[in-house]
Structures are given as C-alpha cells and as structure tokens.
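A look at the structure
Listed below, chain by chain, are the residues.
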Amino acid sequence: MGPRARSSPRRRWTRALAVAFLPLILSGFAPRPRQKLGLPGASAQPRPAPSSLFNWSHLTPLELEDRAAGLEPQSPGGRKPCFTLGGHKFQVFGGSIHYFRVPRAYWGDRLRKLKACGFNTVTTYVPWNLHEPERGKFDFSGNLDMEAFVLLAAEMGLWVILRPGPYICSEIDLGGLPSWLLQDPKMVLRTTYSGFVEAVDKYFDHLISRVVPLQYRRGGPIIAVQVENEYGSFAKDRSYMPYLQKALLERGIVELLMTSDDAENLLKGHIKGVLATINMNSFQKRDFKLLSYVQSNKPIMVMEFWVGWFDTWGSEHKVKNPKDVEETVTKFIASEISFNVYMFHGGTNFGFMNGATDFGIHQGVVTSYDYDAVLTEAGDYTEKYFKLRRLFGSVSAIPLPPLPELTPKAEYPSVKPSLYLPLWDVLQYLNEPVMSNTPVNMENLPINGGNGQSYGFVLYETLICSGGSLRADVHDTAQVFLNEVNIGHLHDHAKTLTVPTMTTCQLLRILVENQGRVNFSWKIQDQRKGLTGSVTINNTPLQGFAIYSLEMTMSFFERLRSATWRPVPKVCLGPAFYLGTLKVDSSPKDTFLRLRTWNSGFAFINGHNLGRYSIMGPQGTLYLPGAWLHPEDNEIILFEKRKCGSYIQTTDEPVL
C-alpha cells in the first residue's frame, strides 16, 4: 500500500491561527475554521439567558475552606433538582483527561487548557492493570502518580471525579483489569467469584488508602467517586455492584458515589443508594426521562458526553461535527444538566496498553487516543475547543483564564537506520526459554514471579520432521517459520496452513503477537493470548516446545546494548530490530514519526515505547513527545515484523 493522504488541516490550521488571532481568542471570539466532515449539524441553539451567569470563583479547591458539605444532590421544593457544593448551587462542567495517557511533563499544560476553556472539573479513570502489573507489586510512580495528578488539578482550581474501577473499559487492555487474573481457569471477571473479589480487595486496600486523603471532606479536590463502570452492559451478578459499593464505603470513601451507564442499560447498572448518571452522544430527552424513572427528583449528570470516538486498525478515522458538540453542551447548560466531556484530551495508548473490539473479528484499538477530542492528541486547540470556550465565556460572570501557549512542534531530519538485529540473533539475550511438552499461553508462562506475561510477543519453537496441515489456535496473530523462512500467517479466522514437505528435520517457529485484549463485553472472559491449545500437523499434536517471552521492557533493551548488531542489508525480511539516531536541536520539541515505507511493528525512543504502527491505517504517524527527547542525539529502535523500510521520517502534524 502506498502512502496515505495527508492529514486533515485541523491541527496545522489551529496552531497557526491560534497565534495570529490570540487577542481575539482571549476576548472570547474564535474565527470559524474549515469544517470537518462529520455528523450533520442542526439549527443554531439560543445561548443561555444572561440571568444564568455562573460565578464559581469561590468554589475552587484552593479557595473553599469550609468542607462540611460536599457535592450533594438537592431537591428544593417547587424547583428543579440540582447539585450543591459547600452549600452553594453547583453545576459540573467536567472534562476527561487520563493521566496515564499523557506524559507527566504535560499534565500541567493539559489541565491549564481545561481550566482556560471554562471547565471546573476533571475526570479520570484509574487503570488497575498498570498500577498492579504483578500481584502485590504496586506502581504509582512517574506517569502513574495518580495522587500527583489529582493534587495538580487542585492547584489549577479544578475539582476531580475519580473513576477507580476495578473495571474501567477506556479502550485499554482488558478494560484495565490485570492479565494475571486470567491464570485461574475458572476465573469469572466482574462478578463476586472468590478469586476475583479477593484480588479486588487487595487492590482496593492499597488504592483507596491513597484516595481517602484526597477527598473533598479531607481538604482534597475529589468530589465524587464512580462505582465500577457501565456494569449495566455486563450485568452478570446482582451482588457485584453492591459489593463494590460496600468495599468503597468500608475503606473510607465519604464523597458522592455514582454509577455510569448508557440509557439502554441504565436499569441493569443502577444500585440503591448510589446516584445514577448517564452516557450519551447527543441530547436525548427520552433518555433523561428514563433516568428520572430510575431515580426521581434527582439532578441529572451526564457522565460521558461523547464528543468523538476511538479508532481501530483497518477502520476509518472517526470524527464528530464541532457544531453538534456545541449545540448539545448549550442544551445541557440551559437545562441545568451537569456533564462530563469524554474526551477533553484523549492522549496516547503508549506501549502495549491499547484494548480491542471483537464484533466477529478482533480489531486492536490504534495507538493514538486522539478521539477527535476537544484538545488533540498532542494538546493542540481545535474548533471544538474554541466553540466551547466561547460558550462557557458567555455564561460566566467572570473572565475566563487566558489561553496557555501552544506546545511547539518540529520536523527533524530523516533517520536511516544503520544497524539491525534479526529476531533469531536476539534469542541469546533473552531469559532462558520456558521448556514445556505442550504450548503455554502468555498469561500462564511461569515468569515474572509467577505472574505470567501481560503484553508483547511470544515465540514458540519445536522440531518437526514432516510437513502437512498445521493447525493452531493463536491470539491474536502469528507468523510461522521453518528455521528462518516465513511460510505463512495464522489468526482467529485462519487457523491452518500447509507446511511443505522436508527431507530433514527443521525448527518450526510460531511468533504470536498480542494485539490488545478486548476491553468491552462478555468477551473479556476469553482473552488469553499466545497459543491457547495444542498445535497439530495432520491432526497429530506436536510436543517439546521452547517458549521465549518477548515483553520488550526497558531491561530487555539494556541487554541488547551488548548484542552484535549488523549493518542493514539491501533486502531484509522477517522480524528484526533496526537502530538509528534521531538528531534534534538543543531544545527538543514534540514531533510525529512517519513510517511510510515500513509495514508493522513498534517504535522505541530512548527506551520509551511509543506504541504500534501499521500499514493497515488509519493512523499514519506516532506521537513523539518532546519531553522524551534528549538534546542532540536520540536512540530510536524499530521492531519491524515483516520487512525493512528505508527512512524514519518526522513531521510537525499528525496523520490520523
């Protein structure tokens, strides 16, 4: 496939014009950009009346000292139900930012832009799988420092709604559940199955002890906590949600509890004593009526108003008309409905964190979580941002904060990798392979302290002495080799291939890639990766496997430094690592990797895994934060699965 068409003008346009028209933007006016293709627009909606101007300057985390009364639903006699905060009428203007999808160095920039747009609250999920990658080993450091993100939001004058799961969906691997749960063959996720709730209890013991001091009544910014996530669409155990409610309360959560479901599943996800909220992509009166039926005389909260959508590999890039977003939010405000924009800033599925969908065919979520959100993946302004800022400014009794400066972008000289290392040469630098009579799936490999392997690739090797019909259950996709020669591919819908006849025994190699575990639906129960059953030739099971784990962690690349790298040949097929140097100036800036002539794999810069690239599209670039670059020389490594390309290019705008 040739290079795809260049990206939408949205990002380049907004960067240039935001600078040129900065005085006008600060005054609440933004020029009208060229329209994106998207959902059809509707007729203009009237602005909320001037009498409804909001002034919440005294209701910010740093200003509000009396914390006796938190966010509470009120039902004043003869008037519309509303929320109060500190005893004052309050309407949540929320926007979602996931700290784990944004480089820590940029948290402040994204939160300032949220505040400057006119929002008063940030919402975020908490990913269990990233915070407890191995049983009992917790990571809340660096980019996973949830407490630092919440406290930074408070410094910016923002309240926080926390969504701690344990399941979060979020288009993240297994919906945020750790893969080691799948080691139990009887495991039933998102239920009161003993093996699941025991793990949840231990996780919550640790997590909630960190959350408790950050609550509103303890002087922190957290005004509400969500119980699980969209359980109505799953609804396999009526005891499960009350169990989680009790688990939060017993560990010290005292702020308002909420559930979150779409209209279709609202009745199945709601639980007694917890405020039900609703998810939607447009203003729907019938959905609000259903919510009122579930809980009468309560204020309405839209927990997720979808201003865009995520992409999967091989699909079209999805966008939503900015005018539709503006009109829906206008109606929310006029109707005194609290809301959370999902996403305000999507960020990036760095590393292997992406989830997947499976509606008959497995499709991994792309690396970019741009989501056609209010801010771009790289934190740039959009037409949606300017429209919402103008709207929020029109209902604010005080001026909005000035706009933060744009994050500079750069295009750097192309990189021609000078060295490469075939996968077969890498095996000697890995840990000793697991020896097993039969294949072992990724999660059940006896590695990482008994926690198995969560992400990446697994290589299975066994000696065969005859050809025939090979059959294997692979998840998600596999390249099959005889010695070092590729003889075919396997995936969910292609489980067989023909192995050629041979005169001497040869090494059968099956390289399996985990392309992301499904993050939504009952199919999360069946997300074990690698080879998940026997491998047969002519119906005879193969035996005697050497199994190599390829997690591609930072320590793995440290070991590769001692490897003997070869010059890149003119023709290079098969999986291999390619090494080059990206040269930047003394002040590194954000950029985007453009891999036009490469096929499929992963990119690593200075040890950071930028995520998956693929010729399948729609995504054509990888976001490279300037905060991860060093002045001058930067080590770039590609793991390319199929064949080498020529140059690694950069660009100052994304191709989504």
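Structure's up top.
Summarised in this report is the structure supplied together with it. Here the structure is a predicted model, which is why all the values come from computation and not from measurement.

1. A few points about the overall build of the protein
When helices and strands are counted, the protein shows 13 helices and 34 strands. Rg of the C-alpha trace for the protein: 26 Å, near the compact-globule value of 26 Å for 656 residues, within the 12% margin. C-alpha atoms of the protein, sized along the principal axes, occupy 90 × 55 × 40 Å. Counting every position in the protein, which comprises 656 residues, the buried fraction comes to 61%. Contacts spanning at least 24 positions in sequence make up 79% of the contacts within the protein whose residues lie at least 6 apart. Looking at the protein as shown, the accessible area adds up to about 25100 Å², and 54% of this sits on carbon and sulfur atoms. Treating the 68 positive side-chain charges of the protein as one cloud and the 61 negative ones as another, the clouds have centres 5 Å apart.

2. A word on the pattern of salt bridges
All told, the structure shown has 31 salt bridges when counted by the stated rule. In this structure, Arg 104 and Asp 145 form a salt bridge, with 3.3 Å as the shortest nitrogen-oxygen distance. Within this pair, whereas Arg 104 is found in the loop between β4 (93-97) and α3 (107-117), its partner Asp 145 is found in the loop between α4 (128-131) and α5 (146-155), the two being separated by 41 residues in sequence. In this structure Arg 104 comes out as partly exposed when scored by relative accessible area, which is 36%.

3. Points about the sheet that holds strand β29 (residues 591-594)
The strand order β32-β29-β34 describes an open sheet built from 3 strands, whose pairing is antiparallel. The open sheet is flanked by β32 (621-624) and β34 (649-651), the only strands paired with a single partner. Here the average twist between neighbouring strands, direction ignored, is 35 degrees. As judged from the 3 bridges shared by β29 and β34, these two strands associate in the antiparallel manner. Of the residues in β34, the one forming a bridge with Arg 594 is Gln 649.

4. Examining the nonpolar core
Leu 71, Phe 119, Phe 339, Tyr 385, Phe 392 and Phe 577 are the most contacted members of the largest nonpolar core, which has 180 residues in total. For this core, the element with the most residues is helix α6 (residues 194-211), which contributes 8 residues. Non-local contacts of Phe 392, meaning those with residues more than four positions away in its chain, are made with Phe 93, Cys 117, Gly 118, Phe 119, Val 329, Ile 333, Phe 339 and Leu 400. The next biggest cluster of nonpolar side chains, apart from the first, holds 27 residues, and it includes Ala 478, Val 512, Leu 542 and Phe 545.

5. Points about the packing of aromatic side chains
Two aromatic rings, taken as a pair, are described by how far apart their centres are and by the angle between their planes. Under the definition given, this model contains 50 aromatic pairs. Residues Tyr 381 and Phe 386 carry aromatic rings whose centres are separated by 5.9 Å and whose planes lie at 35 degrees to one another, so their mutual orientation is tilted. The burial state of Tyr 381 is the same as that of Phe 386; both residues are buried. Positioned above the aromatic ring of Phe 234 is the side chain of Arg 190, whose terminal nitrogen or guanidinium carbon lies 4.5 Å from the ring centre. Sitting over the face of the ring of Tyr 647, Lys 416 holds its NZ or CZ atom 5.1 Å from the ring centroid.

6. Quick word on the environment of Ile 398
When you line up the elements, Ile 398 lands in the loop between α11 (383-394) and β14 (419-422). Exposure remark for Ile 398: the relative accessible area of 35% places this residue in the partly exposed category. Once the C-alpha coordinates of Ile 398 and Phe 557 are considered, the two residues, 159 residues apart in sequence, prove to be 52 Å apart. Beyond its immediate stretch of four places on either side in the chain, Ile 398 contacts Phe 54, Asn 55 and Ser 57.

Thresholds applied
- Residues numbered from 1 in each chain as written.
- Predicted model: local features only at pLDDT ≥ 70, side-chain atom pairs only at ≥ 80, totals over all residues.
- Heavy atoms only, no water.
- Helix = DSSP H or I, 4+ residues; strand = E, 2+ residues; numbered from the N terminus.
- Rg over C-alpha atoms; globule rule 2.2 N^0.38 Å.
- Buried < 20%, exposed > 50% of the residue type's maximum accessible area, 1.4 Å probe, protein only.
- Contact = heavy atoms within 4.5 Å.
- Areas by Shrake-Rupley, 256 points an atom, 1.4 Å probe, with all protein chains shown as cover.
- Lys, Arg positive; Asp, Glu negative; His and termini not counted.
- Charge placed at Lys NZ, Arg CZ, Asp CG, Glu CD.
- Salt bridge = Lys/Arg side-chain N within 4 Å of Asp/Glu carboxyl O.
- Pairing = 2+ DSSP bridges.
- Axes fitted to C-alpha atoms, helices over the stretch in contact; angles between N-to-C directions.
- Core = buried A, V, L, I, M, F, W, Y, C linked by side-chain atoms within 4.5 Å.
- Phe/Tyr/Trp six-rings, centres within 6.5 Å; stacked < 30°, edge-to-face > 60°.
- Lys NZ or Arg CZ within 6 Å of the ring centre and 35° of its normal.

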